[in-house]
Amino acid sequence: MRQWLAVIAVAVLIAAAAPADAVEMRGTGTLGVVIERASGSVLIVDTTARAAIGRVDNLGDLSHASVVFSPDQRHAFVFGRDGGLSKIDLLAAAVTKRIVQGGNAIGGAISDDGELVAVSNYEPGGVRVFDARTLSQVADIPALGTDGRASKTVGLVDIPGRRFMYALYDAGEIWVIGFPGGATPRIDKLTGIGKLPYDGNVTPDGRHYLAGLFGEDGVVHVDLWQEPLRARRILDNYGRGEERLPVYKMPHFEGWAAAGDLMLIPAIGRHELIAIDKQEFREVGRVATYGQPVFAVVRPGGRHVWVNFAHPLNDTIDVVDTMTLKVVHRFKPGPAVLHMEFTPRGHEVWVSVRDANKVQIYDATTFAKKAEIEAKAPSGIFFTARATRIGQ
Amino acid sequence: MCVTSSTWRWWPSAILMFGLAVAAAAASERSPDTEKLTHLVRQDCGGCHGLTLKGGLGKPLTAEHLGQWNRDQLTSIILNGVPGTPMPGWRALMSEDEARWIADLLKRGTLR
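Criteria and thresholds
The numbers attached to residues start from 1 for each chain and follow its sequence in the written order. Lettering of chains starts at A and numbering of ligands starts at 1, both following the order in which they are written. With the structure being a predicted model, the display of local features is reserved for residues of pLDDT at least 70 and the display and counting of side-chain atom pairs for 80 or more, all residues being used for whole-chain, interface and lining totals. Calculation of side-chain values draws on the structure's entire complement of heavy atoms; hydrogens and water are dropped beforehand. Each helix is a run of DSSP H or I of at least 4 residues and each strand a run of E of at least 2, with the numbering of both proceeding from the N terminus. When a residue's accessible area, from a 1.4 Å probe over protein chains only, is under 20% of the maximum for its type it is buried; when over 50% it is exposed; and in between it is partly exposed. Counting of polar contacts relies on pairs of N or O atoms within 3.5 Å, with two restrictions inside protein: one atom must be capable of donating a hydrogen and the other of accepting it, and residues adjacent in sequence are counted only when both atoms are side-chain atoms. We call two residues in contact when some of their heavy atoms are within 4.5 Å. The salt bridge criterion pairs a side-chain nitrogen of Lys or Arg with a carboxyl oxygen of Asp or Glu, the two atoms within 4 Å. Only the six-membered ring of Trp is used, alongside the rings of Phe and Tyr, when aromatic pairs are assigned; centres must lie within 6.5 Å, and planes under 30 degrees apart are stacked while those over 60 apart are edge-to-face, with the rest tilted. Pairing between strands is defined by DSSP: at least two bridges between them are needed. In this analysis an axis means a line fitted to C-alpha atoms, helices contributing only their contacting stretch, and an angle means the value between N-to-C directions, from 0 to 180 degrees. Among buried residues, the Ala, Val, Leu, Ile, Met, Phe, Trp, Tyr and Cys ones that are joined through side-chain atoms within 4.5 Å form a nonpolar core.

Caption draft 1: Spotlight on the side chain of S41 of chain A. All names here are of chain A. If you trace the backbone, S41 turns up in strand 2 (residues 41-46). With relative accessibility at 0%, the residue S41 sits in the buried group. A polar contact of 2.7 Å, which involves the side chain of S41, links it to the side chain of E36. At 2.9 Å, the side chain of S41 forms a polar contact with the side chain of S39. In contact with S41, not counting residues within four places along its chain, are V34, I35, E36, R55, V56, D57, L59, L62 and K376.

Caption draft 2: Local environment of the environment of V220 of chain A. Residues and elements named next belong to chain A. Topologically, V220 is positioned in strand 18 (residues 219-223). Exposure remark for V220: the relative accessible area of 1% places this residue in the buried category. C-alpha of V220 to C-alpha of I174: the two residues are 46 residues apart in sequence and 9.4 Å apart in space. Setting aside chain neighbours within four positions, we find V220 in contact with I174, I193, Y209, L210, A211, L213, A231, R232 and R233.

Caption draft 3: The arrangement of the pattern of salt bridges in detail. All names here are of chain A. One pass over the structure, following the stated rule, counts 28 salt bridges over all chains. Salt-bridge contacts for R162 lead to D113; the nearest nitrogen and oxygen are separated by 2.6 Å. Of the two residues, R162 is situated in the loop between strand 12 (153-159) and strand 13 (163-168) and D113 in the loop between strand 8 (104-110) and strand 9 (116-123); the sequence distance between them amounts to 49 residues. Using a relative accessible area of 31% as the deciding quantity, one classes D113 as partly exposed. Two residues, E216 and R233, come together in a salt bridge whose shortest N-O distance is 2.8 Å. You can see E216 sitting in the loop between strand 17 (208-213) and strand 18 and its partner R233 sitting in strand 19 (residues 231-234), a full 17 residues away along the chain. Shared partners join several salt bridges into a network, and the residues in it are E242, R270, E272, E283 and R286.

Caption draft 4: A look at the packing of aromatic side chains. Residues and elements named next belong to chain A. This model, assessed by the stated rule, comprises 10 aromatic pairs over all chains. An angle of 85 degrees between the planes, with centres 5.9 Å apart, marks the rings of W306 and F331 as edge-to-face. Here W306, found in strand 25 (residues 304-309), pairs with F331, found in strand 27 (residues 326-331); they are 25 residues apart in sequence, far enough to count as distant. When sorted by exposure, W306 lands in the same class as F331, which is buried.

Caption draft 5: Spotlight on the sheet that holds strand 11 (residues 137-141) of chain A. Residues and elements named next belong to chain A. Read across the open sheet, the 4 strands follow the order 8-9-10-11; overall the sheet is antiparallel. Edge positions in the open sheet fall to strand 8 and strand 11, since each of these has one partner strand only. Between one strand axis and the next, the sheet turns by 20 degrees as a mean value, whatever way the strands run. Direction of pairing for strand 8 relative to strand 9: antiparallel, over a ladder of 6 bridges.

Caption draft 6: Structural detail: the nonpolar core. The biggest cluster of nonpolar side chains holds 39 residues, and the ones touching the most others in it are M165, I174, Y209, L210, L235 and I276 of chain A. Elements supplying a minimum of two residues to this core: strand 12, strand 13, strand 14 (173-178), strand 16 (197-202), strand 17, strand 18, strand 21 (262-266) and strand 22 (272-277) of chain A. Ignoring any residue separated from it by four or fewer positions in sequence, one finds I174 of chain A in contact with M165, Y166, A167, D188, K189, L190, I193, Y209, A211, V220 and V222 of chain A. Ranked by size, the runner-up nonpolar core spans 20 residues in total, among them L37, V41, I78 and L79 of chain B.

Given below as C-alpha cells:
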C-alpha cells in the first residue's frame, strides 16, 4: 500500500512539474524558418514533413532579413531591416525575446561558441554585439573609417575563435573583431582595400574571406590563416573593361558555391558566374547564366550550383554542373524567385517564389517538384543545420 | 424617411462598389500600370531602399529626404541612375511616364 502511494505521489509530482506551456517533444534538426517579408512574420517549417508547422508574427520590417541559429538548434535569431533582433523558440513558435537594437540593420552572425550575436547596421552604422541568452548588449563598435566618417557595414560573418568579420561599405575597409575573453573586443583593421565592398563571406572552413567590390572591378581576399592579416586583390578587371549592365539587385555572397577545387561567385553587372581556383584564388572559367546572378548556392557535396537572378529575370533558376561549368537545367518556378536553401545533406531544395506567395520544394537530383507551401511574400529560407556551419 | 432597414443594409456595399468603380476608372485613365509600379517600388526599389523606403544600402526615399530634388531631377535619376553608386538606370525597364509617376509617388510620400 505504501509503495502504491509513493508511485502515485511521484506521478502527481511529474505531472505538476510539466510546464503549462509545454511543447511537443521532438528534435529540431529538420526545422527551419521562412521569412515572410511583407507581413513581418516567419513560418516555422519542417523539411521532412514538407510543411509549415507554425507562424510567428510582429517581427517588424523583414525586407532583407536573415537568420542564424543557436548551437542547440532550438532558437532562431531573426535580424530585421528595422534593427529588430528577435529570438524565436522554434518548438513553441513564439518570440522568446525581442529588441530593436539599431535604426536600420542588414544582417547578423553568431559566434562559434554560440554566446555572442553580432548585428551589422546601416544606421547608425557599425556592429553591435549581444549576449545570445539575454540579448543584452555586450559591445557597440562604431565603424569609423580612417577618414573619420561613420560607415555602413556589410558581409558580417562569424569566424573561428569568438570572432566576427565584416567590411565597411563607405570606408573601404575590412575589420576583424574578436572577444578572446569577456566583453572587450580586439579589433584588427585592414584599410584601403578597395571601393564600396558590398558583401562578403567566409569559406566553410573559416579560412578565406572574400568581399565583392562595387566601386571597382575586382574582389578582395583575406587568408585568415596567415598572420599578419593582409587584404589581397583578386580577379582584377574581371569585367574586362566592358561596361557593366545596370544592377537591379545586388548579388549575395551567402551560400556561395565551394565545390571541389572551385568556387563560383556572381559577377556583378554580368550574366555570369566566375569560377575561382580555391588554392590560387585566380579565375579558371566562366559560366554563362540566364541573368545577373543574385545567389549561387551549392548543393551540399558540391555536385551542382543553383542560381537565381536579379529583376527583371528573377522568374528563373539555372542549375550549373560544377564539373563542366555548364547549365544543365533551366526552369521557371514563378515570379520573383528570391532564395534557395538545401536540406542538410542536399536531397531537396526549397525555393521562395515571392510573387506567387509560395515556397516550392524540388528534388535536387531529378529536379522534379515535390511540394508547395503557402507563404506570404516569402524571401529568405534558413534551415537549422546552419547552426553547425562556419560563416552562417 | 421611408427606407426599410433591409434597404439600409445594402448601402455600405453600394458605396463601396461605387468607390471601386471610380478608383478603377481613375487607374485606367493614367497610362502607367500603377499597381505594377507600386509593386516595383515597394519590392524592387525596396531591396536597397527598404520595404518602407526608409533606406538601406541606398538612401531613404521618404518625401522628407527627397525634398531637395524636384520632379524632373528624380525622374532623371530613376531613368539614368547615379554614376559611381549602385543606383542603376531603369530606362531599359520603364518609360519616362512611368518614371515620372514613381517620382510623383515618392514626392507625395503616399506609398505607405
